[in-house]
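# Geometric and topological summary
The chain contents come next:
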Amino acid sequence: MLLLGAGLLVLPWVTLIGVPLLLLAAAWLASESQVEAFPQREDLLLVLALSAQGLVWIGMLLVHGEGGEGLADAWPFALGLIALVAFARVRVAATWLWGGLALGSLAAGSWAMWQRIIERTHRADGHEPLHAILFGNLGLLMGLLCLAGLSWSFARRERWPWSLLLIAGGLAGLITSALSGSRGGWIGLPLAIWVLYRGHGRRLPLSWRMTLMAALVTLLGSLYVMPQTGVAKRVDNAVTSLRHYVAGDDDMNSVSARLEMWRGSSQLILERPLLGWGASGYQAAMRERGAEGEQHPSLARHWHAHNEVLDAWVKRGVPGLLALLGLYFTPLWLFARGVGAGSGERRALAVAGTLVPVAFIDFGLTYCFLAYPAGSLIYALLIATLWGLYRQAR
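Reading the values: the criteria
- Residues numbered from 1 in each chain as written.
- Predicted model: local features only at pLDDT ≥ 70, side-chain atom pairs only at ≥ 80, totals over all residues.
- Heavy atoms only, no water.
- Helix = DSSP H or I, 4+ residues; strand = E, 2+ residues; numbered from the N terminus.
- Rg over C-alpha atoms; globule rule 2.2 N^0.38 Å.
- Buried < 20%, exposed > 50% of the residue type's maximum accessible area, 1.4 Å probe, protein only.
- Salt bridge = Lys/Arg side-chain N within 4 Å of Asp/Glu carboxyl O.
- Patch = residues over 30% accessible without salt bridge, like charges linked within 9 Å, V, L, I, M, F, W, Y side chains within 5 Å.
- Areas by Shrake-Rupley, 256 points an atom, 1.4 Å probe, with all protein chains shown as cover.
- UniProt positions renumbered as here; feature names shortened; annotations may be inferred.
- Phe/Tyr/Trp six-rings, centres within 6.5 Å; stacked < 30°, edge-to-face > 60°.
- Axes fitted to C-alpha atoms, helices over the stretch in contact; angles between N-to-C directions.
- Parallel < 35°, antiparallel > 145°, perpendicular 65-115°, else oblique.
- Contact = heavy atoms within 4.5 Å.
- Nonpolar A, V, L, I, M, F, W, Y, C, P; charged D, E, K, R; others polar.
- Core = buried A, V, L, I, M, F, W, Y, C linked by side-chain atoms within 4.5 Å.
- 1 Å grid on protein atoms, 1.4 Å probe; cavity = no way out; pocket = protein on both sides within 12 Å on 5 of 7 lines; lining within 4 Å.
- Points joined across faces, edges and corners; volume = space filled by probe spheres on them.
- Polar contact = N/O pair within 3.5 Å; in protein donor to acceptor, adjacent residues only side chain to side chain.

### A closer look at the overall build of the chain
In terms of helices and strands, the chain carries 17 helices and zero strands. The C-alpha radius of gyration computed for the chain amounts to 21 Å, which stays within 12% of the reference 21 Å derived for 394 residues, consistent with globular compactness. Principal-axis analysis of the C-alpha atoms places the extent of the chain at approximately 65 × 50 × 35 Å. When the 394 residues of the chain are sorted by exposure, 52% land in the buried category.

Put into structure tokens, the structure is as follows:
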């Protein structure tokens, strides 16, 4: 658990493969199950959601004659299933996860500041295969998960050391996002704050709520106005680019390119709505559209649609769309019911489990995180881990 949180962004992502394997080894060595019977109805729903995403991905590869080219995109969900099953036999203290997330978020924030201040990079981007968008948005998610753990920390005897550590991790996540310049994650920040408020805020005195809200507004405002972060410039560029696109300007930038890719992907979906085009078929069709003048030729170099729903539908058809929606909304439904109730530990895990799909839905509006094995693995492991801890906290 410590490795999962601490190594999420600062270690090569392949090291995360060891997390489900270590859990599986622990479950195999356990003489008997230490938790309640598995699987129950809710467990089966989550197993179905993870399995469907992986199986549909593999099945549509076969339908489109692409062989094993995309198997790397499907196996992270098998690792998530391994972790899910292992948690049914081994009891793990949530302390390790919260400590790992805080340390990992602080490490990512420090790395982002090093890249921007010392190395003078244009945007903090982590290490391969991560880049600025993945690094910044996942850093934001880690910060939000740290803040989700406050219900757990306040229920402990050593409340202040743990609470201060988690708050520092939350602030570091915001800094990582700001220094990466990843605008996509900022769109869903109000919804994430609402989830945190539902889990924590209503139990705080009014004076605390007002103080925390003022501190948050001050922090976000500071990140916006400080020229070193580049946030104001990135936001202004997005607004200007959108105005130019609406006015009919042909100049391609990050905003207009996304809008054109969404338009092209939507038209391809209308041509093959049921089974989609496959990954290679999608790229070929986009190149053909560029050659025929239906869109800017430079868009053909992009291998995904920069929108998770459109990408799943255009490549894997209706089965891919339904599997993606199940992957998003099954854990969202399972966790959201516990956001406003239960013990401090259970409520913290419910808030964190709700934030993961909320964040990935937000990220998926303007980018395809699940098109990367690293993104799929992080999503599957976080969901499996949080659910395993959540069901143990009953």
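After that view of the structure, there is still more to cover.
### Side note on the pattern of salt bridges
Pairing is possible between side chains that carry opposite charge, provided their charged atoms lie close to one another. Under the criterion given, the structure shown has six salt bridges. One salt bridge connects Glu158 with Arg156, and the closest N-O pair in it is separated by 3.3 Å.

### Structural notes on a nonpolar patch on the surface
A surface patch of nonpolar side chains, amounting to about 570 Å² of accessible area, comprises Trp160, Leu164, Ile167, Leu171, Trp208 and Leu212. Within the residue set of the nonpolar patch, elements represented by two or more residues are helix 8 (159-180) and helix 11 (206-225). Among the elements that take part in the nonpolar patch, helix 8 stands out by supplying four residues, more than any other. Within the element layout of this structure, Trp208 appears in helix 11.

### A short note on the UniProt feature "transmembrane region" (unreviewed entry) in the chain
Per the UniProt record, "transmembrane region" (unreviewed entry) is annotated on residues 44-63, 70-90, 96-114, 134-154, 160-179, 206-226, 317-336 and 371-390. For residues 44-63, the end-to-end C-alpha separation is 27 Å, with 100% helix and 0% strand making up the annotated structure. Taken end to end, residues 134-154 comprises 95% helix and 0% strand; its first and last C-alpha atoms sit 31 Å apart.

### Considerations on the packing of aromatic side chains
Per the stated rule, a full pass over the model turns up 15 aromatic pairs. With 5.5 Å between their ring centres and 80° between their planes, Phe335 and Trp387 make a pair best called edge-to-face. Of this pair, Phe335 sits in helix 15 (residues 308-336) while Trp387 sits in helix 17 (residues 373-392), and the two are 52 residues apart along the sequence. One exposure class covers both Phe335 and Trp387, and it is buried. Through pairs of rings, three or more aromatic residues link up here, namely Trp303, Phe360, Phe363, Tyr367, Phe369, Tyr372 and Tyr379.

### Observations regarding the packing of helix 3 (residues 41-63) against helix 17
Where helix 3 meets helix 17, the axes come as close as 12 Å, and the angle between the chain directions of the two elements is 175°. Compared by their axis directions, helix 3 and helix 17 come out roughly antiparallel. Residues Glu42, Asp43, Leu46 and Leu50 of helix 3 pack against Ala380, Ile383, Trp387 and Arg391 of helix 17. The residue makeup of the contact of helix 3 with helix 17, split by class, is five nonpolar, no polar and three charged.

### Re the nonpolar core
One finds Trp98, Leu355 and Phe360 to be the most contacted residues of the largest nonpolar core, which totals 86 residues. In terms of residue count, helix 17 provides more of this core than any other element does, 13 residues in total. Discounting chain neighbours no more than four positions away, the residues touching Phe360 are Leu138, Leu141, Tyr328, Phe369, Leu370, Gly375 and Tyr379.

### Remarks on the layout of surface pockets
Volume-wise, the second largest pocket comes out at about 450 Å³. Around the second largest pocket, the lining is made up of 21 residues, and of these Arg183, Ile187, Ala238, Val255 and Thr366 lie nearest the centre. Among the secondary structure elements, those contributing two or more residues to the lining of the second largest pocket are helix 6 (132-148), helix 9 (184-187), helix 12 (231-246) and helix 13 (254-271). Looking at the lining of the second largest pocket residue by residue, the classes come out as eleven nonpolar, six polar and four charged.

### Things to note about the environment of Trp162
For Trp162, the position within the fold is in helix 8. For Trp162 and Ser207, which are 45 residues apart along the polypeptide, the C-alpha to C-alpha distance reads 22 Å. Beyond its immediate chain neighbours, meaning those up to four positions away, Trp162 contacts Thr95, Gly99, Trp152, Ser153 and Arg156.

### A closer look at the side chain of Ser265
Secondary-structure assignment places Ser265 in helix 13. The class for Ser265 is buried, based on a relative accessible area of 0%. A polar contact is formed between the side chain of Ser265 and the side chain of Tyr282, at a distance of 3.5 Å. Setting aside anything within four residues of it in sequence, one finds Ser265 in contact with Tyr282, Ala305, Leu310 and Val314.

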